[in-house]
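Residue strings, one per chain:
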Amino acid sequence: LIATDKLASRVGASLLAAVGIANDLVFPNMDGYEKAMVRCVTDRKWFDDLRRRLNSLNDSSPLFDTRLWVENLEAAFGELASLKTTGLDVLPDIMVTIGDNDRS
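Residues numbered from 1 in each chain as written. Predicted model: local features only at pLDDT ≥ 70, side-chain atom pairs only at ≥ 80, totals over all residues. Heavy atoms only, no water.

Draft legend 1. Up close: the environment of C40. Locating C40 in the fold gives a position in helix α3 (residues 30-42). Classification of C40 as buried rests on a relative accessible area of 14%. Expressed as a C-alpha distance, the spacing of C40 and L50, which sit 10 residues apart in the sequence, is 9.3 Å. For C40, the contacting residues outside a window of four places in its chain are W46 and F47. (Helix = DSSP H or I, 4+ residues; strand = E, 2+ residues; numbered from the N terminus. Buried < 20%, exposed > 50% of the residue type's maximum accessible area, 1.4 Å probe, protein only. Contact = heavy atoms within 4.5 Å.)

Draft legend 2. Region of interest: the nonpolar core. One finds L16, V19, I21, A22, L25, C40, W46, L50 and L57 forming the largest nonpolar core, which totals 9 residues. Mapped onto this core, the elements with two or more residues apiece are α2 (22-25) and α4 (44-56). Discounting residues that sit within four places of it in the chain, A22 has contacts with A13, L16 and A17. (Core = buried A, V, L, I, M, F, W, Y, C linked by side-chain atoms within 4.5 Å.)

Printed below as a string of structure tokens:
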């Protein structure tokens, strides 16, 4: 991944940092990125080690904990719903009109 100021690049770099492999896969320029991709192909031991490290995080990293993510999302939705019922209008009502979309 080439580190830029673009959202996708920042998110990708953040995810790789969260699992501890940013030093191996985030680069400041195309030259570093190209060298790493060549290394992925030519240095099988390095690539396999990187893959093993990433796979070992499936059970231990919060990044891969889907159940926790869903629980947190549901809790946030519950909090927003309770705010709405107390009269605090934190979410706008959205009306979607299907059908006649004549804008003339």
